[in-house]
Amino acid sequence: MLDIQQIREDRGQVKYELSRRGIEPPIDRIYELDIERRRLLTEVESLKAERNQVSKEIGRMKDHTARQERIDDMGDLGKRIEELDGQVRQNEIELYDLLSEIPNLPDESVPDGPDESANQVVRTIGEPKQFDFKPLPHWDLGPTLGIIDFERGAKITGSRFYILSGAGARLQRALIAWMLDLHIRQGYLEKYPPFMVKSKTLFAAGQLPKFRDNLYKDHEENLYMVPTAEVPLTGMHMDEILPKDQLPLHYCAYTACFRREKMSAGRDVRGIKRGHQFDKIEMYAFCLPGNSGEELESILADVEETCAELGLTYRVVELCTGDLGFSARKAFDIEVWAPGCEEWLEVSSVSDCGDFQARRGNVRYRPGVKIKPRYVHTLNGSGLGLPRTLIAVLENYQQADGSVAIPEVLRPWMGGIKLIKPEDQ
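Residues numbered from 1 in each chain as written. Predicted model: local features only at pLDDT ≥ 70, side-chain atom pairs only at ≥ 80, totals over all residues. Heavy atoms only, no water.

Visitor: So, the overall build of the protein: which residues are in play, and what are the values?
Guide: The helix and strand tally for the protein stands at 11 helices and 18 strands. For the C-alpha atoms alone, the extent of the protein along its principal axes is close to 105 × 45 × 40 Å. The buried share of the protein, reckoned over its 425 residues, is 48%. Across the protein, contacts joining residues at least 24 apart in sequence account for 73% of those joining residues at least 6 apart. Carbon and sulfur atoms provide 47% of the accessible area of the protein, an area that totals close to 20,600 Å². (Helix = DSSP H or I, 4+ residues; strand = E, 2+ residues; numbered from the N terminus. Buried < 20%, exposed > 50% of the residue type's maximum accessible area, 1.4 Å probe, protein only. Contact = heavy atoms within 4.5 Å. Areas by Shrake-Rupley, 256 points an atom, 1.4 Å probe, with all protein chains shown as cover.)

Quick look at the structure:
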């Protein structure tokens, strides 16, 4: 959430920064509401002070008639106070609702652009693998090997669901376990959070109210299925004041993720690239405000190491203002090359959110003794997202005979399996 003080002091600059995102939110209305709120609060506090003073006077009055007249006057004063309190509540509701819909301001270093077409490739590591045969896309390779079952997934649940079988399921599990172990070595503390959260937690992470239509909800319990582990990790320290000497905090977590994304038919959704349920490893950091730039580079380096260890060709893409996520002020996507699909697949997005999420979740630290607490900065990055990482492994490690070799780093988690062959399933 944006700092209302920033809007008070320079709403023109705030409007300009948001225009770089291609939006024109009601900043002037927020500014007017804030002025009106402060005016109402000043008036109501003055009247309450007057009521307290008069109450003391009444207690000292001896003349019954004069005392009753003063009590009658106080009744009118109480009605006015009640009326003003109601106006304050309505003002605060509208102000809060408007502020909660406004995304983060982009960092000044973020390139301008209307959408993903203006994103900039920062670097590409490796060359797309060359084959002496026509590499198959995973939607052909998986069923041929017997490790991806689209028909039964659709039968038991519906479209955009599938079943991983045998070595395919084990490869998915190996990727998750290996990535978590790698991130622990990189300095992250593993968490296993709930897969369901309160609306307050989603609000803190910037998912509500903006993305309400994309969330799965248990209406009876009033809980939501997590769309990403970023959500429960953000919520871990809601309403806390973190000791300065414990920052930064680095967490990693695995969760299944659930999203009600609207998907149209076509190349972008063929196979297992996009689904309503998927697995993902998340990396997360709480840090001091002055260190968020350094933390962004650190998480990005850890994601790159993950891709490199898997032997995947990848590229780092800086997102333009029009493609930034709601909570992000600066972000990079990491994309890996999938030779069967013949496209770059996003497996990670690394974002610096500044104090945007911390303000929504009230996560603070105390800079020093007798110094007012301040908001921490938060950052997050996928490390990595599945199933696209699984797609890249299958398509890059396929062999001419139709088998798939297991990357060296994953073999300890595969129970000795070095090659997935059709007859093994």
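Let's pick the thread back up.
Visitor: How would you summarise the sheet that holds strand E15 (residues 374–375) if you had to cite specific residues and measurements?
Guide: Spatially, three strands are ordered E8-E14-E15 in an open sheet, and the strand pairing comes out mixed. Each edge of the sheet is formed by a strand with only one pairing partner; in this case those strands are strand E8 (240–242) and E15. Strand direction decides the pairing type here: strand E14 (residues 363–365) and E15, joined by two bridges, are antiparallel. Note on E15: the bridge partner recorded for Tyr-365 is Arg-374. (Pairing = 2+ DSSP bridges.)

Visitor: Describe the pattern of salt bridges, naming the residues involved and giving the relevant values.
Guide: As a working rule, side chains carrying opposite charge can pair if their charged atoms are close by. Within the structure shown, the criterion is met by 26 salt bridges. A salt bridge links Glu-282 to Lys-280, with the nearest nitrogen and oxygen atoms 2.4 Å apart. Each member of the pair, Glu-282 together with Lys-280, is buried. Here Arg-411 and Glu-408 are joined by a salt bridge, their closest N and O atoms 3.2 Å apart. Residue classification places Arg-411 among the partly exposed residues on the basis of a relative accessible area of 24%. What makes Glu-408 exposed here is its relative accessible area of 59%. Among the charged side chains, a network of salt bridges with common partners joins Glu-36, Arg-39, Glu-43, Arg-80 and Glu-83. (Salt bridge = Lys/Arg side-chain N within 4 Å of Asp/Glu carboxyl O.)

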